[in-house]
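Commentary on secondary and tertiary structure
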Amino acid sequence: MEEMEEELKCPVCGSFYREPIILPCSHNLCQACARNILVQTPESESPQSRRASGSGVSDYDYLDLDKMSLYSEADSGYGSYGGFASAPTTPCQKSPNGVRVFPPAMPPPPTHLSPALAPVPRNSCITCPQCHRSLILDDRGLRGFPKNRVLEGVIDRYQQSKAAALKCQLCEKAPKEATVMCEQCDVFYCDPCRLRCHPPRGPLAKHRLVPPAQGRVSRRLSPRKVSTCTDHELENHSMYCVQCKMPVCYQCLEEGKHSSHEVKALGAMWKLHKSQLSQALNGLSDRAKEAKEFLVQLRTMVQQIQENSVEFEACLVAQCDALIDALNRRKAQLLARVNKEHEHKLKVVRDQISHCTVKLRQTTGLMEYCLEVIKENDPSGFLQISDALIRRVHLTEDQWGKGTLTPRMTTDFDLSLDNSPLLQSIHQLDFVQVKASSPVPATPILQLEECCTHNNSATLSWKQPPLSTVAAEGYILELDDGSGGQFREVYVGKETMCTVDGLHFNSTYNARVKAFNKTGVSPYSKTLVLQTSEVAWFAFDPGSAHSDIIFSNDNLTVTCSSYDDRVVLGKTGFSKGVHYWELTIDRYDNHPDPAFGVARIDVMKDVMLGKDDKAWAMYVDNNRSWFMHNNSHTNRTEGGITKGATIGVLLDLNRKTLTFFINNEQQGPIAFENVEGLFFPAVSLNRNVQVTLHTGLPVPDFYSSRASIA
């Protein structure tokens, strides 16, 4: 029965109900607590004024209750009374059992009467602390609410069933053991609370105080109070109003507001509602039984999850330890090979040191002997041995011939460990769903006949195997970095064809694709090797050019409609490799100074190329040229251009240099060094110049030979 205790406690005071009353919303309150949470309302909202206005609506009408409901504003701790324009907002607090309570706007006036008998302020409103429905009280005040005698009986039986010592009912925090009970107040007191709340003077002096045990017996033996009519206090309930769903007396039927309502015998309705409540409890009991079984199932699942987690962790640790052991064994094997190579190299070098040391000692001895022989002054004696010594010297010199003084062994270890596949496998090490609802898709097949490269772009196409029955929700295309590095995702989607732009020229890329669905990811397809173009074919880009630029010849020829310099870029950007292109001067009037070079994509388009820090250029007239970057002019060089001249631009991103040529001759020194990043071919010109672009050209032979020598 302890689980029922919360149902027996008042939401305001948190203690067992004392003289509980039933609100129209079916919730209960202690009569004293109901008086404490009354709120006085404006005169215009009084029941008399409402009846005078002819509304004719019952005080217990739920539509009006809803209109006057009190709600907590976003749980902020403040409430506002809907329907009362002049009612102030009143801060709410929480009762001991956690229900929000809205205290009265003004404290009740002091009175010498007991709380239950004190008069209720006129035009009062009460708000249920549980559902926040509000109701304006009529002239009867709290007497207009019926007493819940059944709840009192349940509380009595519950308290009698508890074997613990009787506790004081007025202690604020930890209740102390009761020492007396007042038969008139029906309250258990400890000594401090009795002296504070029930002094032996005034109207309370005639109250009879008895020991707690005697008070419990007297309370148990006292006859239960009979429920009386709220409208006619001297009459007991004898019938039940079906329309209002409440017990009524015979006067209510003869002269009260229930005279025209359908009524039934109180006993019959009592048995009927008991039966209905029992049936409803049967369904609720089934739900409670299912909930208990479900809780047992959940607790069992908690235990199983913990056991499975321990087992799975142990399995994972064992698998990883096995991998570590295998790696350590392989490490030992590789170290043994390194040590073997180390010993071999040392042996060869040490043998060569020993051999060379012996020969050097012999050679040095022969040299010292020959020097002593040369000191002899006897010609005949010298000539007797000189031929033999000369032959020995030449023979010894020949023994120091080619290769003798060359190391037989290099210091480098000709061993290279490629751990990238293993690292990639470790990074891809992941769990596989054992209990999959459906299988993963089949491995896609790359359609080689549709895969191709153009300049620095690659187009790849793939398909599912013809006999595959598992649908794929999408595909993941991966490419490496063009230098044998790790793969990276370049496309994720449902399409089976993808074009990847912005690759490096003259580079080899590896591509692969895999499919996925809700279950998981398929294995990778076979790896496809793609080779981008060695040289770049491109044209001028109308999309990024200044609006004054005029295009022709499939965007290979450009001029300008303005006398001011305007910039146009090529369509292709370079970030790696060596690239060479040329421009021929188709028209050259009035000796202008066009500029040629490279630029970033966001270069200024309405000034000469090189005026800002986004361009590296050579501007040239009919006599000389200058290099320009960030509006800085350097390296004036004699030699200009005329109609028909050819300008060559060589961008070497391997050596990070930019070089210019006029009519196949290098113009000045290397123009710019330490250039790196993404560069686009660029030209600036005005209406006096027209140029044509030539691409796909190999690097000049003289530059290639010079680079190989360097």
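Before reading on, note that the structure itself is shown above.
Residues numbered from 1 in each chain as written. Predicted model: local features only at pLDDT ≥ 70, side-chain atom pairs only at ≥ 80, totals over all residues. Heavy atoms only, no water.

1. A short note on the overall build of the chain
- Each helix and strand counted, the chain has 11 helices and 38 strands in total.
- Per-residue burial for the chain yields a buried fraction of 36% across its 710 residues.
- Taking contacts inside the chain between residues at least 6 apart in sequence as the whole, the part at least 24 apart equals 58%.
- Surface accessibility of the chain: about 43,000 Å² in total, with carbon and sulfur atoms responsible for 55%. (Helix = DSSP H or I, 4+ residues; strand = E, 2+ residues; numbered from the N terminus. Buried < 20%, exposed > 50% of the residue type's maximum accessible area, 1.4 Å probe, protein only. Contact = heavy atoms within 4.5 Å. Areas by Shrake-Rupley, 256 points an atom, 1.4 Å probe, with all protein chains shown as cover.)

2. Digging into the pattern of salt bridges
- Tallying each qualifying case throughout the model produces 15 salt bridges.
- Close ionic contact of Asp191 with Arg194 constitutes a salt bridge, the shortest N to O distance being 3.8 Å. Residue Asp191 and its partner Arg194 are both found in helix H5 (residues 191-197); the two are separated by 3 residues, about one turn of the helix.
- With a relative accessible area of 36%, Asp191 lands in the partly exposed category.
- Note that Glu478 and Arg512 form a salt bridge whose closest N and O atoms lie 3.0 Å from each other. In this pair, Glu478 sits in strand E20 (residues 474-479) while Arg512 sits in strand E23 (residues 508-516), placing the two residues 34 residues apart along the sequence.
- Counted as one network, the salt bridges with shared partners bring together Asp548, Asp564 and Arg566. (Salt bridge = Lys/Arg side-chain N within 4 Å of Asp/Glu carboxyl O.)

3. What to know about the pairing of strand E19 (residues 457-463)
- In terms of burial, E19 is a largely internal element, 6 of the 7 residues being buried.
- Relative to E19, strand E17 (residues 445-446) is paired through 2 bridges, and the arrangement is antiparallel. Pairing of Ile445 across the sheet is with Lys463, part of E19.
- Count of turn residues in the strand E18 (residues 452-454)/E19 antiparallel hairpin: 2 residues, of which Asn455 carries a positive phi of about 55°.
- With 4 bridges joining them, E19 and strand E22 (residues 497-500) adopt antiparallel strand pairing. Paired with Leu460 across the strands is Cys498, a residue of E22. (Pairing = 2+ DSSP bridges.)

4. Let's talk about helix H9 (residues 379-399)
- In this model H9 runs 29 Å from its N-terminal to its C-terminal C-alpha over 21 residues, within 8% of the 30 Å that 1.5 Å per residue would give.
- Its maximal kink placed at Ser386, H9 deviates by approximately 40°.
- Turning to H9, its buried residues number three or more, namely Ser386, Leu389 and Thr396. (Expected span 1.5 Å × (residues − 1). Bend = angle between axes of the 7 residues up to and from the residue.)

5. Regarding helix H8 (residues 266-374)
- Along its 109 residues, H8 runs 155 Å from first to last C-alpha, staying within 8% of the 162 Å computed at 1.5 Å per residue.
- Turning to H8, its buried residues are Met269, Lys345, Val348, Gln352, Lys359, Thr363, Leu366, Cys370 and Val373.
- Structurally, H8 contributes buried residues whose contacts are with strand E14 (239-241), strand E16 (263-265) and H9.

6. Observations regarding the state of the cysteines
- Per the stated rule, a full pass over the model turns up 0 disulfides.
- Unpaired in this structure, Cys30 has its nearest cysteine sulfur neighbour in Cys10, at a distance of 3.8 Å. (Disulfide = S-S within 2.5 Å.)

7. A word on the sheet that holds strand E24 (residues 528-531)
- Overall, antiparallel pairing links the 4 strands, which are arranged E21-E20-E23-E24 in an open sheet. The outermost strands of the open sheet, each flanked by one partner alone, are strand E21 (488-493) and E24. Strand-to-strand twist across the sheet, computed as the mean angle between neighbouring axes with direction ignored, equals 25°.
- Two elements, E23 and E24, share 4 bridges in a ladder whose sense is antiparallel. Paired with Thr508 across the strands is Gln531, a residue of E24. (Axes fitted to C-alpha atoms, helices over the stretch in contact; angles between N-to-C directions.)

8. Things to note about the side chain of Asn686
- Mapping Asn686 onto the fold places it in the loop between strand E37 (680-685) and strand E38 (689-694).
- A residue is classified by how much of its surface remains accessible, and Asn686, at 10% relative accessible area, is buried.
- Separated by 3.4 Å, the side chain of Asn686 and the backbone oxygen of Tyr563 make a polar contact.
- There is a polar contact of 3.0 Å between the side chain of Asn686 and the backbone nitrogen of Asn688.
- Setting aside residues no more than four positions away along its own chain, Asn686 makes contact with Thr559, Cys560, Ser562, Tyr563, Asp564, Asp565 and Pro592. (Polar contact = N/O pair within 3.5 Å; in protein donor to acceptor, adjacent residues only side chain to side chain.)

9. Considerations on the sheet that holds strand E27 (residues 566-569)
- The 6 strands lie next to each other as E27-E37-E29-E30-E31-E32, forming an open sheet whose pairing is antiparallel. Sheet topology places E27 and strand E32 (632-638) at the edges, where each strand pairs with a single neighbour. Along the sheet, successive strands turn relative to each other by an average axial angle of 20°, direction set aside.
- The pairing of E27 with E37 spans 4 bridges and is classified as antiparallel. Counterpart to Val568 in the pairing with E37 is Val683.

10. Thoughts on the nonpolar core
- By size, the foremost hydrophobic cluster in this structure holds 38 residues, and its most contacted members are Trp581, Leu583, Phe596, Leu651 and Val691.
- Going through the elements one at a time, strand E26 (557-560), strand E28 (578-588), strand E29 (595-599), strand E30 (615-620), strand E33 (646-652), strand E34 (657-662), E37 and E38 are the ones with two or more residues in this core.
- The element best represented in this core is E28, accounting for 4 residues.
- Counting 24 residues, the second-largest nonpolar core is a separate cluster that includes Leu8, Phe16, Cys25 and Leu151. (Core = buried A, V, L, I, M, F, W, Y, C linked by side-chain atoms within 4.5 Å.)

11. Some points on the environment of Val649
- Considering the arrangement of structural elements, one finds Val649 in strand E33.
- Taking the C-alpha atoms as reference, Val649 lies 4.9 Å from Phe660; in sequence the two are 11 residues apart.
- Sequence-distant contacts of Val649, that is, excluding residues within four places in its chain, are made with His579, Tyr580, Trp581, Leu583, Phe596, Leu658, Thr659 and Phe660.

12. Considerations on the packing of aromatic side chains
- Scanning the model with the defined rule gives 11 aromatic pairs in all.
- Aromatic pair Phe627 and Phe672: ring centres 6.2 Å apart, planes at 55°, arrangement tilted. With Phe627 in strand E31 (residues 624-629) and Phe672 in strand E36 (residues 672-673), this pair connects stretches of sequence that are 45 residues apart.
- A network of ring pairs unites the aromatic residues Phe505, Phe538, Phe574 and Trp581 as a single cluster.
- Across from the ring centre of Phe413, 5.7 Å away, lies the NZ or CZ of Lys345, which sits over that ring.
- Taking NZ or CZ as reference, Arg687 lies 4.7 Å from the ring centre of Tyr563, over its face. (Phe/Tyr/Trp six-rings, centres within 6.5 Å; stacked < 30°, edge-to-face > 60°. Lys NZ or Arg CZ within 6 Å of the ring centre and 35° of its normal.)

13. Section: the pairing of strand E25 (residues 549-552)
- The sheet contact formed by E25 and E26 spans 4 bridges and is antiparallel. Across the sheet, residue Phe551 finds its bridge partner in E26, namely Val558.
- Between E25 and E26, which pair antiparallel one after the other, the connecting turn spans 4 residues, and Asn553 there sits at a positive phi close to 55°.

14. Describing a nonpolar patch on the surface
- On the surface, a nonpolar cluster with roughly 440 Å² of combined accessible area is contributed by Phe294, Leu295, Leu298, Met301 and Ile305.
- By secondary structure assignment, the location of Leu298 is in helix H8.
- The exposure class assigned to Leu298 is partly exposed, which follows from its relative accessible area of 32%. (Patch = residues over 30% accessible without salt bridge, like charges linked within 9 Å, V, L, I, M, F, W, Y side chains within 5 Å.)

15. Examining unusual backbone geometry
- Backbone geometry at Asn555 places phi at a positive 65°, although glycine is not the residue there.
- Within the secondary structure, Asn555 is located in the loop between E25 and E26.
- Relative accessible area serves as the criterion here: at 24%, Asn555 is assigned to the partly exposed category.
- Positive phi values are uncommon outside glycine, yet Asn631 reaches one of about 65°.

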